[in-house]
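# A structural walkthrough
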Amino acid sequence: MKILVINCGSSSLKYQLIDMKNEMCLAQGLVERIGMDGSVLTQKVAGREKYIVKKEMKDHQDAIKLVLDTLVDEMNGVIKSVDEISSVGHRVVHGGEAYSSSVLIDEKVMKALEDCSKLAPLHNPPNIIGINACKALMPSTPMVAVFDTAFHQTMPEHAFIYPLPYELYEKNKIRKYGFHGTSHKYVSQMAAKMLNMDIKDLKIISCHLGNGASIAAIKGGKSIDTSMGFTPLAGLAMGTRSGDIDPAIITYMMEEMDLSANEVSNIINKRSGVLGISGLSSDFRDLGAAADTNKRAKLALDVFHYRIKTCISAYAGALGGVDCIIFTAGIGENSASSREACCEGLEFLGIKIDKEKNNIHGEAADISSIDSDVKILVIPTNEELMIARDTKEIVEFNK
Ligand code: ADP
């Protein structure tokens, strides 16, 4: 059983073809600049040189057609025919309250996804375009939607209700949804495996630290709180997103600085976070390299780590203790200094990192010191594999 996993953005598309016999990735690729000049596909296959195709792609259907052509390409492909793709798993950012797990895509689901577009205007429309493009090219192949929000649908009301007029939740669906659910679910399951424990017995704090960053509190395998909210803008300071700020700052900027809603949205989404504070970069490698001599680069990192520490402490409270902390995604997997800074000062919770064991990049490891009450794990995330696993399960169940 070979499953194609598609993650469609507004002008880009990531894909992986996974053989579920051994859960091996056969090929992975990225299509960029869809609908613009200079559109390009880059495919990687283990043990081969990168394969790059520069070709005009006017829309997502062109892009997916090129992905399929590349996968079956005689010289550079990995399968003989598109018929070998048994099903397609689509990453969908927002499933609203309608979906607490992945689902086989039919007309009813498509309608529900359209309804969710209001809640995620930047993310859901490209996801829907990707599904439609795949359906047009592979009309008889089953497709599954896997939602970033689904894992967090187990949050209790007191965690997801905002202290706003209740009608805003009832009528406008304004509540905390949470994101990165596929990643938090994957790494928490992996943590239980690494610790050789039943996930039902574990209190886990999962830190997904990439360009977008969020933390989840996971009790017995279920998300009970998470730092992102109604949108992926909430919570931690991120690469370019502000995370939590006093909401009055929004109206202040609009009224006192005469900025439009669009301009404010642009500031808090694209010009804030560690980029905004440092004025230098949203990339943590640049900030790390500059921190010794550049005060604002150091300040940006300090703010980023401080917010993570306060969130970890708060979630230890929400969980009534913590057995395991996970670091994942670009920064969590690769930055030893960030992991150390996130744990520094949390010894009172029994969190003690082993500096030597922490000296690793991009591999799964237990980095807690022998006398740490809490296990601290680095676990590379694999959202694509999680999407493929869900797709396989749902397609087989619906056979
Ligand atoms: P996303 O999927 O949200 O775009 P990633 O999980 O790919 O993000 O993470 C990207 C981030 O990881 C970048 O900000 C980059 O700075 C950071 N990163 C990658 N490698 C390292 C490293 N060796 N040290 C510090 N940060 C790193």
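Parameters and conventions
- Residues numbered from 1 in each chain as written.
- Predicted model: local features only at pLDDT ≥ 70, side-chain atom pairs only at ≥ 80, totals over all residues.
- Heavy atoms only, no water.
- UniProt positions renumbered as here; feature names shortened; annotations may be inferred.
- Pairing = 2+ DSSP bridges.
- Helix = DSSP H or I, 4+ residues; strand = E, 2+ residues; numbered from the N terminus.
- Contact = heavy atoms within 4.5 Å.
- Axes fitted to C-alpha atoms, helices over the stretch in contact; angles between N-to-C directions.
- Near = heavy atom within 4 Å.
- Polar contact = N/O pair within 3.5 Å; in protein donor to acceptor, adjacent residues only side chain to side chain.
- Areas by Shrake-Rupley, 256 points an atom, 1.4 Å probe, with all protein chains shown as cover.
- Nonpolar A, V, L, I, M, F, W, Y, C, P; charged D, E, K, R; others polar.
- Buried < 20%, exposed > 50% of the residue type's maximum accessible area, 1.4 Å probe, protein only.
- 1 Å grid on protein atoms, 1.4 Å probe; cavity = no way out; pocket = protein on both sides within 12 Å on 5 of 7 lines; lining within 4 Å.
- Points joined across faces, edges and corners; volume = space filled by probe spheres on them.

An unreviewed UniProt entry lists the chain under the name Acetate kinase, from Clostridium omnivorum. The record held by UniProt for the chain lists under Catalytic activity (unreviewed entry) the comment "acetate + ATP = acetyl phosphate + ADP".

If you walk across this open sheet you meet the 6 strands as E11-E10-E9-E12-E14-E13, and the pairing is mixed. Strands at the two margins of the open sheet, each flanked by one partner only, are strand E11 (222–226) and strand E13 (365–366). For strand E9 (residues 203–209) and strand E10 (residues 213–219), the ladder comprises 7 bridges, and the chain directions are antiparallel. Looking across to E10, one finds that Ser-206 is bridged to Ala-216. This element, helix H6 (residues 181–195), spans E9, E10, E11, strand E12 (324–328), E13 and strand E14 (375–378) of the sheet and lies at about 125 degrees to E12.

In the vicinity of the ligand, the contacting residues are Gly-210, Asn-211, Gly-212, Ser-282, Asp-283, Phe-284, Arg-285, Ala-329, Gly-330, Ile-331, Asn-334 and Ser-335. In the environment of the ligand, an oxygen atom lies 3.1 Å from a nitrogen or oxygen atom belonging to the backbone of Asn-211. A distance of 2.7 Å separates an oxygen atom of the ligand from a polar atom in the side chain of Asp-283. In isolation the ligand offers 580 Å² of accessible surface; the protein chains occlude 68% of this area. Mapped onto the shell around the ligand, the elements with two or more residues apiece are helix H10 (284–290) and helix H12 (329–334). Ranked by residues supplied to the shell around the ligand, first place goes to H12 with 4 residues. Across the shell around the ligand, the residue classes tally to 3 nonpolar, 7 polar and 2 charged.

Quick look at the UniProt feature "active site" (unreviewed entry) in the chain now. In the UniProt entry, the feature "active site" (unreviewed entry) is given for Asp-148. You can see Asp-148 is positioned in the loop between strand E8 (143–147) and helix H4 (157–160). Overall, Asp-148 belongs to the buried group, its relative accessible area being 2%. At a separation of 2.5 Å, a polar atom in the side chain of Asp-148 contacts the side chain of Arg-91.

Burial within E10 is extensive, with 6 of its 7 residues counted as buried. Counted along the chain from E9 to the antiparallel partner E10, the turn is 3 residues long. Where E10 lies against E11, 4 bridges are found, and the strand directions are antiparallel. Directly across from Ala-217, in E11, lies its bridge partner Asp-225. With antiparallel pairing between neighbouring strands as the criterion, E10 and E11 make up a hairpin whose turn holds 2 residues, including Gly-220 at a positive phi of roughly 60 degrees.

A separate point is the side chain of Ser-223. Its location among the elements puts Ser-223 in strand E11. Ignoring anything within four residues of it in the chain, the contact list for Ser-223 reads Phe-151, His-152, Thr-154, Met-155, Ala-217 and Ile-218.

Further remarks concern the environment of Phe-284. Along the chain, the position of Phe-284 falls in helix H10. By relative accessible area, Phe-284 is classed as buried at 13%. Measuring from C-alpha to C-alpha, the distance between Phe-284 and Met-138 comes to 40 Å, with 146 residues separating the pair along the chain.

Annotation from UniProt places "binding site: substrate" (unreviewed entry) at Arg-91. As for its placement among the helices and strands, Arg-91 is situated in strand E6 (residues 85–92). In terms of polar contacts, Arg-91 uses its side chain to reach the side chain of Asn-7, at 3.5 Å.

A few words now on empty space enclosed by the protein. With the rule as written, the count across this model stands at 1 cavity of 30 Å³ or more. In this structure, the largest cavity encloses a volume near 30 Å³. Taken together, Ile-161, Tyr-162, Leu-164, Pro-165, Tyr-166, Leu-168, Tyr-169 and Ile-174 make up the lining of the largest cavity.

A few words now on unusual backbone geometry. In this model, Glu-23 sits at a positive phi of 55 degrees, which is unusual for a non-glycine residue. When you line up the elements, Glu-23 lands in the loop between strand E2 (13–19) and strand E3 (24–32). Despite not being glycine, Ala-329 shows a phi value in the positive range, around 75 degrees. Checked against the element boundaries, Ala-329 lands in helix H12. On the basis of relative accessible area, Ala-329 is assigned to the buried category, the value being 7%.

Moving on: the layout of surface pockets. Estimated volume of the second largest pocket: approximately 670 Å³. Along its surface, the second largest pocket is lined by 21 residues, and Thr-231, Leu-233, Ile-245, Pro-247 and Ile-250 are the ones closest to its centre. In terms of residue count, helix H8 (residues 261–270) provides more of the lining of the second largest pocket than any other element does, 5 residues in total. Among the residues making up the lining of the second largest pocket, the classes are represented as 14 nonpolar, 6 polar and 1 charged.

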